[in-house]
Amino acid sequence: MNKFIIIIFLVWLASPISALLIFDRNKSIGFNRVKDFDKVSEKLLTTNGVKYLSDGLFERSKATSLSIKLKNGVLFYLFSHVDTDKLISGDDGWLYYKPQFMLSDCDAEHYKRQLQVAGNSAALFAQIADTVDIKVVYSVSPNKARVHPEGISKSVLAYANCHTENEPLFDTYLKNRIPSLVLHHEAMQRDDIPSDNYYFFKNNTHWNILGYSKAMLQLKEKLETGFLEQNNSILDISDSLYELRNQATTKNMLLLEVLEKGPVLKPDIFSPEVDSNLWPIEFEGNALVVHDSFYAFYKNTDLVFGDKAKLINNNIKSQRALIIGEIEKKPNLVVFNSVERFAINRFATEWGARGAYFKNILKMNLDKAKKECVYDENQASVNLIPFNKQGIYNNETVSGLKDNPRFALNIPKTMNTTCLNLTLHSPRPTTIDILFTPLSGQVDVVSYELGRFLSIPVQRGSNSIDLILPKGLESNQIHIRPTIQTTETLKEFKILFGRLP
Amino acid sequence: MVFSDRSFVFLFLPIALAAIFLCTKVRLRYLSILTLSVLFYFYSAGELIWVLGFCVILSYIAGILVERFKAPLILGGSIIGLMVPLFFYKYSLFFAASVGVPLDSTAGKFMNVALPAGISFFTFQAVSYVMDVYRGELKADRNLMRYSAYLSFFPQLIAGPIVRYKEVSEDFEKNNQSIDRFTSGILRFVHGLLKKLIVADSAGRIADACFNLGNDEISFAVVILGSIAYTVQIYFDFSGYSDMAIGLGKMFGIKFPENFNSPYESRSITEFWRRWHITLSNWFRDYLYIPLGGNRVDKARLYSNLLIVFLATGVWHGAAWTFVLWGVYHGLFILLERYIWGGQARRLELARYRYIYLLPVVIFGWIIFRSTSMDQVLAFSLALISPLGDGAFNINNTVIAASTPSACLALAIGCLSFFKKSAYPIGVMLEKNLESKRLKWFSYIYILIGLIVVAVASLSSNFSPFLYFQF
């Protein structure tokens, strides 16, 4: 028997490596792709060499994924409690996605600034898009904890950081800055549905059909009737049944095939047989909807958005080039939808005035301005006022006393859309930032910075740039900030204001 | 590299076993042990491997010289030489900070270096070798490769047991491998892994959550939970490692001494130190206490000798005032038991009194040991004496988060060690079962279940170092 034990032990020692050779290799474990595994011989000469080698090998072995599945199965089914890097169990079977808490910022002032940048950047994107007749709407799908806090236990609160304190700040700061903002959690009031119904699955980070339908009804209302006060949505769940659904969250993060009962709407509000007037959402022209996994919940998007809308999942990296292509086609409506936990980052970067998509919008604006803006030929160049003694403007020459000097200029009181023409001669390719009046009314340097600026590329040599300014800037002050060093000058620098006919 | 990590269990160990078994000739066996151990240490400590090399060479040469010349000066010089790296890497920064040297000064930065893994262990092993040769208890080993293989042998290199050369020399000289010994080794190894992965790591999460709180968040309930969790963690972690080391040693045909003997079954602190980290206690007894005079001195000298030994024991564990305090704390109880309480101490040795004497004393000692500062010791102590104070039973959410149902079950299993009564520790008992026709099946089933559990836990877990690595 001792020999048998030894054989078993030796087979056991070799089992993970053997599994690698016998079975298919893991390309990912749930959502986590296995790490690249290269330069092994170099790594082996370092102290982490063996760990690197073993991680690379064992991540790919079916023995590891099986072990993770077994461990999570024991924790989930036997102890009803999991606590992994991504998931944490709450009360009453609720499973929460940890990043929704751990991304929250407990430095209130820092968090507010992040919100300001995000809100300002998104608002500027929408305003510039408006100058080329593209309506932009931002919508936010809520974190599950926002809609269903009843499952939040003390264990969950340990990871909560300041998410509860941050929720009202999130709403207030973004609403104050983005007029075209839809916060879907506002449509998901707990009291509107029976206590044994939920808007989210317990074991999934996403909403169920109830949550999705509420969100779509709300979006429909906002798009069709404008951003007025929301009316109560049409939703009958009094006779709701339940259907079993495989949960992607547990499958991908715990490697467990967990079936959960979720509500079925009675009647199915997305079925055209029920109410052919209800769907699809009506809007003028065509639309581009850039979304993440939340809007991707319901597969039959044609029913909801119709055939004039193109839906593209921003989470799929290969799709992002498509988004740029669709923006270039100049849709009438663009909807950006993000889950709450990633909204700030997305609004501040890729979906705001600092992102790749904005470059197309800006180009459309510059092209339209070049074609259509008219200027008074007798107009003198607008005077640039050096800001905080950072530069000198004299005889149509801009030079900096510091790198990237800033200048202020006053926008005239004349009504209607204002155009701005900027001519200059640059010794090298560079950019000019235009910083717009802070939405909050503050005039300190930092407030101008917080997301409300755009960058215009400047070529080497002579440049003539036309820009249609966002509406509502009359009598305000904007800043110009050329990206130059203190030794550089920009010559023949003139600014004129004009208008669209 | 730690034994419970999958990189060791499923990558390094199979290669090591294959290498040792292919190298049946003695010389090749030394070479393979040495090569594997050097690799193991390199992947644990990196370029600090030179410290191990220095220790090996110096102690090897010192052994030959003290045997030849029997000169106390050579002995003293070699011991000082062996201790210099230990003092520099482990204690210089502590002393410097204690006398006010700024840490961002040139001197401060010079002394602020990483600690070579296991330096306390292999240094003590080397010193024991030199002293045993000097005392004539063993002959100096002229075979550098064999001696190097002994001192650097990876199962006990990083965290003990502190193995004396005379205890294993025969096993190194001859290949004492057998099927029974190998099976016994598997059993101890798996048992150690279970203790570490299932009990120690779970209890450790709770303990860490308690001890990572700010001093103002420590309540009576947190003290109780944290101290019990750490009491379980440190025992299962360290004894688990020793089990693994002993098991690995057996797999390679080397029999190590036992290092733990159910210390929480002790009835007095005196007995506790005969059951806890036995090889360290024996080392201090043989190489510090006895040279200081042992029991053959007057009372005042005896008291001070005991305190010196326990002060050294505390300091050996780490360069911080908390370790000093912990060592002195235990030393005082030793004195109390031996010389102040006299016959009364025998009453405390009644089994039931261990719950009101031994365990509380030891558990409070672990609070001192685990605390990161004297302020924390004070905070825990004040909370401990305030069970009726405001918020005495408040528990921070991070502690609650760490106290998952599975962690609490593991902690409860660990707490059974407080109540257990047996002639042998469980690991030893399971080994002895292998010799019994009926009981061996229990051990076999234990191994098979253990292999499954360990595989799942090891392959699915992140890196979790052993506590005693820091020493």
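Residues numbered from 1 in each chain as written. Chains lettered and ligands numbered in written order. Predicted model: local features only at pLDDT ≥ 70, side-chain atom pairs only at ≥ 80, totals over all residues. Heavy atoms only, no water.

1. Overview of the pattern of salt bridges
All names here are of chain A.
Here is step 1: In total, this model carries 36 salt bridges over all chains according to the counting rule given.
Here is step 2: Across the pair R146 and D171 runs a salt bridge whose closest N-O atoms are separated by 3.0 Å. In this pair, R146 sits in helix α7 (residues 144–147) while D171 sits in helix α9 (residues 163–177), placing the two residues 25 residues apart along the sequence. Exposure class is identical for R146 and D171. Each is buried. (Salt bridge = Lys/Arg side-chain N within 4 Å of Asp/Glu carboxyl O. Helix = DSSP H or I, 4+ residues; strand = E, 2+ residues; numbered from the N terminus. Buried < 20%, exposed > 50% of the residue type's maximum accessible area, 1.4 Å probe, protein only.)

2. Some words on the sheet that holds strand β19 (residues 453–458) of chain A
Residues and elements named next belong to chain A.
Here is step 1: Spatial strand order, β13-β16-β21-β18-β19: five strands in an open sheet with antiparallel pairing. Edge strands, defined here as strands with exactly one partner in the open sheet, are β13 (385–386) and β19.
Here is step 2: With four bridges connecting them, strand β16 (residues 407–410) and strand β21 (residues 477–482) associate as antiparallel partners. Along β21, the bridge assignment pairs L409 with I478. (Pairing = 2+ DSSP bridges.)

3. Structural notes on the packing of aromatic side chains
Here is step 1: All told, the structure shown has 88 aromatic pairs over all chains when counted by the stated rule.
Here is step 2: Between F21(B) and F182(B), the aromatic rings sit 5.7 Å apart at their centres with planes inclined by 65 degrees, giving edge-to-face as the arrangement. With a gap of 161 residues between them, F21(B) in helix α1 (residues 6–22) and F182(B) in helix α10 (residues 179–211) connect regions that are remote in the sequence.
Here is step 3: Exposure remark for F182(B): the relative accessible area of 4% places this residue in the buried category.
Here is step 4: For the pair F238(B) and W276(B), a centre-to-centre distance of 6.4 Å together with 65 degrees between the ring planes defines the contact as edge-to-face. Remark: W276(B) occurs in the loop between α12 (269–275) and α13 (278–289) and F238(B) occurs in helix α11 (residues 220–251); sequence separation between them is 38 residues.
Here is step 5: The exposure class of W276(B) is buried, given its relative accessible area of 0%.
Here is step 6: Directly above the ring of Y159(A) sits K98(A), whose terminal nitrogen or CZ lies 4.0 Å from the centroid.
Here is step 7: The ring of Y96(A) is capped by K144(A), whose NZ or CZ atom sits 5.6 Å from the centre of that ring. (Phe/Tyr/Trp six-rings, centres within 6.5 Å; stacked < 30°, edge-to-face > 60°. Lys NZ or Arg CZ within 6 Å of the ring centre and 35° of its normal.)

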